[in-house]
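So you can see what is in the structure, the chains are spelled out below.
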Amino acid sequence: MGKPAHGGNLVWASALAGCPPSAILDFSASISPLGPPQSVLTAIQSQLGNLRHYPDPNYSDLRNALSHFHNLPSEWILPGNGSAELLSLVGRELSQLEATVLLTPAFGDYYRALAAYNAKVLEFPLISADFKVMIANSVNSADFKVLSSEFLNKIMTQQCHFAQRGQPSEVWCSMHLPANFSESASGLSALILNNPHNPTGMLFSREAILSCLDKFALVVVDEAFMDFLPPTQDQSLIEVVQDYPNLIVLRSLTKFYSIPGLRLGYAVAHPDRLLRYIAWRDPWSVNTLASVAGVAALKDKQFQASTWEWLPKARQQLFEGLSQITGLQPFLGAANFLLVESKYSCVELQQRLLKNYQILIRDCQSFPQLGDRFFRVAVRTELDNMRLLTALKEIRDRS
Ligand SMILES: Cc1ncc(COP(=O)(O)O)c(C=O)c1O
């Protein structure tokens, strides 16, 4: 089996570790260790008898629950079989535009969704000298930074990489943006942003993204990890979506509620666009169990509150522990994972953690801008985090 492009591939990891998949402690997929909530499991159980029927093709209960949750009319919301399914529909639309701008390192599935429809990609590197300065300034702080529009504008006006249609990423060549890019080409182009950004954990302010909405024909904001921020801190654009017909927000329920195996996400966008997406896809792409799980999850205020209480403490514990290990430099992020720069080969580290400790971390080789000197770890319970930190210390002490 080839090297996985995503985290969480326990079959691949268990073959390397020589143990069953259930014995692996998985830090590679950024999934909450607190779930799935009991309310979700109970809702699934209650619907087993309904598997003999097709799901409601309009997903009215789930759409109403989402509508109530976001205080938005239900026609503006479309559930999907994970946000990955919705990303594919978005990819089809993006291919009709001149180009799509990606901030790199970018989530690998963006390339898949864009390549599937032969869309043209323009890459803007996020990890630059400025980024490092920003990270260096935030290292000693107990909190994460919220990035401003100046930061985003700076990225947008620097050199970008041009990916030729249908060419593999190795042959992407550098090119300078024309001086008038923001006025001319970008008006016909799209932007995909992920907020908080995976894999760096950087959080863009709502205003920073709003400033892009008049520069691009379409702006897609992937908020797969936004629910890990409590409502007082989140920078979601869902609340302004009705003001911007060129805005699409993608959300996932799989990470926060720990149901990646069930698959559930949703898109928030103009109803005309969503009707087009419905016409493009299979009729029942969200199954009955996922649909009721979503309704139960959204109502579970206690689970939501306990996640917002757990994360800042556990993330800080993991951040401090990693900072104390020679050769490792974690970046403070706003999500439930940390990107770590390493002086040593991360692929080798990954193998040693798997073979000797049955612990799986996410190497960053699938992000060409990061390569073998970065890895990403999910924030887990304090006990699990300690197990990872102890293993990393032992490996370093023995080297
Ligand atoms: C940034 C980002 N967006 C979207 C997804 C897909 O999530 P889902 O499980 O909802 O398909 C992932 C999964 O890892 C992700 O990291």
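Since this is a predicted model, take the numbers as computed values, not measurements.

S.K.: It is not clear to me how the overall build of the chain should be interpreted in this structure. Could you clarify?
M.R.: Looking only at helices and strands, one finds 13 helices and 17 strands in the chain. Within the chain, residue pairs in contact and separated by at least 24 positions form 74% of the contacts whose partners lie at least 6 positions apart. Surface exposure of the chain reaches about 16800 Å², of which carbon and sulfur atoms provide 52%.

S.K.: Help me understand the packing of aromatic side chains in this model?
M.R.: The description of an aromatic ring pair uses the distance of the two centres, along with the angle that the planes make with each other. Under the counting rule described, the total for this entry stands at 11 aromatic pairs. Relative to Y257, the ring of F256 has its centre 4.9 Å away and its plane inclined at 70 degrees; by these criteria the two rings are edge-to-face. We classify Y257 as buried; its relative accessible area is 3%. Taken together, the ring pairs connect F225, F228, F256, Y257, F303, W308 and F337 into an aromatic cluster. One Lys or Arg, R376, reaches over the ring of F337 and ends 5.6 Å from the middle of that ring. For the cation-ring pair, R396 lies above Y344, with the distance from its terminal atom to the ring centre recorded as 3.4 Å.

S.K.: For this particular structure, what's the right way to read the nonpolar core?
M.R.: Across soluble globular proteins, nonpolar side chains have a tendency to be buried as a group. With 82 residues, the main nonpolar core has L247, L322, L353, V377 and L388 as its most contacted residues. Tallying contributions element by element places helix α10 (residues 288-299) first for this core, with 8 residues. Lining this core are residues from two domains, each supplying at least three of them: domain 1 (10-30 + 302-398) and domain 2 (40-300). Of all hydrophobic cores here, the second largest spans 24 residues; its members include L89, L94, L102 and L218.

S.K.: I keep staring at the environment of P330 and nothing clicks. Help me out?
M.R.: Inspection of the secondary structure puts P330 in strand β13 (residues 328-331). On the basis of relative accessibility, which here comes to 0%, the residue P330 falls in the buried class. The spacing of P330 and E341 is 11 residues in sequence and 6.1 Å in space, taken between C-alpha atoms. Setting aside residues up to four positions removed in sequence, P330 forms contacts with F319, L322, S323, L339 and V340.

S.K.: How should the side chain of S14 be read in this particular structure?
M.R.: As for its placement among the helices and strands, S14 is situated in helix α1 (residues 10-17). When neighbours within four sequence positions are excluded, S14 is seen to be in contact with C19, P20, P21 and I24.

S.K.: Can you walk me through the site of the ligand in this structure?
M.R.: Around the ligand, 13 residues are found, and the nearest of them are S83, D222, S252, K255 and R263. A distance of 3.0 Å is found between an oxygen atom of the ligand and a backbone nitrogen or oxygen belonging to A84. The side chain of R263 places a nitrogen or oxygen atom 2.7 Å from an oxygen atom of the ligand. Starting from 400 Å² of accessible surface for the ligand in isolation, the protein chains cover 88%.

S.K.: Please explain the packing of helix α12 (residues 346-357) against helix α13 (residues 382-398) as it appears in this structure.
M.R.: Helix-helix packing is characterised by the crossing angle of the two axes and by the distance between the axes. Remark: α12 packs on α13, axes separated minimally by 11 Å, with the N-to-C direction vectors making an angle of 110 degrees. Between α12 and α13, the interaxial angle falls into the category roughly perpendicular. In this structure, α12 crosses over α13, and the sense of that crossing is right-handed. Of α13, the residues touching α12 (which contributes L349, R352, L353 and Y357) are R387, L388, A391, L392, E394, I395, R396 and R398. For the contact of α12 with α13, the class distribution of residues is 7 nonpolar, no polar and 5 charged.

S.K.: Looking at this structure, I do not really get helix α9 (residues 271-280). What am I missing?
M.R.: Residues spaced three or four apart along an α-helix face the same direction, because each turn holds 3.6 residues. For α9, the full list of buried residues reads P271, R273, L274 and Y277. The arc that holds the buried residues of α9, viewed along the axis, is 155 degrees, so those residues lie on one side. With respect to the buried face of α9, the exposed residues turned more than 90 degrees away are L275 and A279. Summarising the contacts, the buried residues of α9 are in contact with β2 (77-80), α4 (83-94), β10 (218-222), β11 (247-252) and β12 (265-268).

S.K.: Please clarify how the environment of R112 should be interpreted in this entry.
M.R.: Residue placement: R112 occurs in helix α5 (residues 108-116). For R112 and S88, which are 24 residues apart along the polypeptide, the C-alpha to C-alpha distance reads 8.2 Å. When neighbours within four sequence positions are excluded, R112 is seen to be in contact with A84 and S88. Reaching out from R112, the side chain makes a polar contact with the side chain of S88 at a distance of 2.9 Å.

S.K.: Is there a simple way to explain the sheet that holds strand β14 (residues 337-342) in this structure?
M.R.: Strand pairing in a sheet relies on backbone hydrogen bonds, with the paired strands running either antiparallel or parallel. The sheet built from 4 strands is open, its strands ordered β13-β14-β17-β16 with antiparallel pairing. Among the strands making up the open sheet, the edge pair consists of β13 and β16 (362-364). Between one strand axis and the next, the sheet turns through 30 degrees on average, direction left out of account. Across 5 bridges, β14 lies against strand β17 (residues 371-378) in antiparallel orientation. Each residue of the ladder has a partner; that of V340, found in β17, is F375. Here α12 sits on the sheet in contact with β14, β16 and β17, set at roughly 45 degrees to β17.

S.K.: What is the right way to look at the pattern of salt bridges in this model?
M.R.: Oppositely charged side chains are able to pair whenever their charged atoms sit close together. One pass over the structure, following the stated rule, counts 10 salt bridges. Note that E309 and K313 form a salt bridge whose closest N and O atoms lie 3.7 Å from each other. With a gap of 4 residues between them, E309 and K313 both fall in helix α11 (residues 301-323), about one helical turn apart. K313 matches E309 in its accessibility class, with the two residues each being exposed. Connected via shared salt-bridge partners are E93, R273 and R276.

Each value, and the rule that gives it
- Residues numbered from 1 in each chain as written.
- Predicted model: local features only at pLDDT ≥ 70, side-chain atom pairs only at ≥ 80, totals over all residues.
- Heavy atoms only, no water.
- Helix = DSSP H or I, 4+ residues; strand = E, 2+ residues; numbered from the N terminus.
- Contact = heavy atoms within 4.5 Å.
- Areas by Shrake-Rupley, 256 points an atom, 1.4 Å probe, with all protein chains shown as cover.
- Phe/Tyr/Trp six-rings, centres within 6.5 Å; stacked < 30°, edge-to-face > 60°.
- Buried < 20%, exposed > 50% of the residue type's maximum accessible area, 1.4 Å probe, protein only.
- Lys NZ or Arg CZ within 6 Å of the ring centre and 35° of its normal.
- Core = buried A, V, L, I, M, F, W, Y, C linked by side-chain atoms within 4.5 Å.
- Domains from an automatic or database assignment.
- Near = heavy atom within 4 Å.
- Polar contact = N/O pair within 3.5 Å; in protein donor to acceptor, adjacent residues only side chain to side chain.
- Axes fitted to C-alpha atoms, helices over the stretch in contact; angles between N-to-C directions.
- Parallel < 35°, antiparallel > 145°, perpendicular 65-115°, else oblique.
- Left-handed = near helix turned anticlockwise from the far one by under 90°.
- Nonpolar A, V, L, I, M, F, W, Y, C, P; charged D, E, K, R; others polar.
- Arc of directions from axis to C-beta.
- Pairing = 2+ DSSP bridges.
- Salt bridge = Lys/Arg side-chain N within 4 Å of Asp/Glu carboxyl O.

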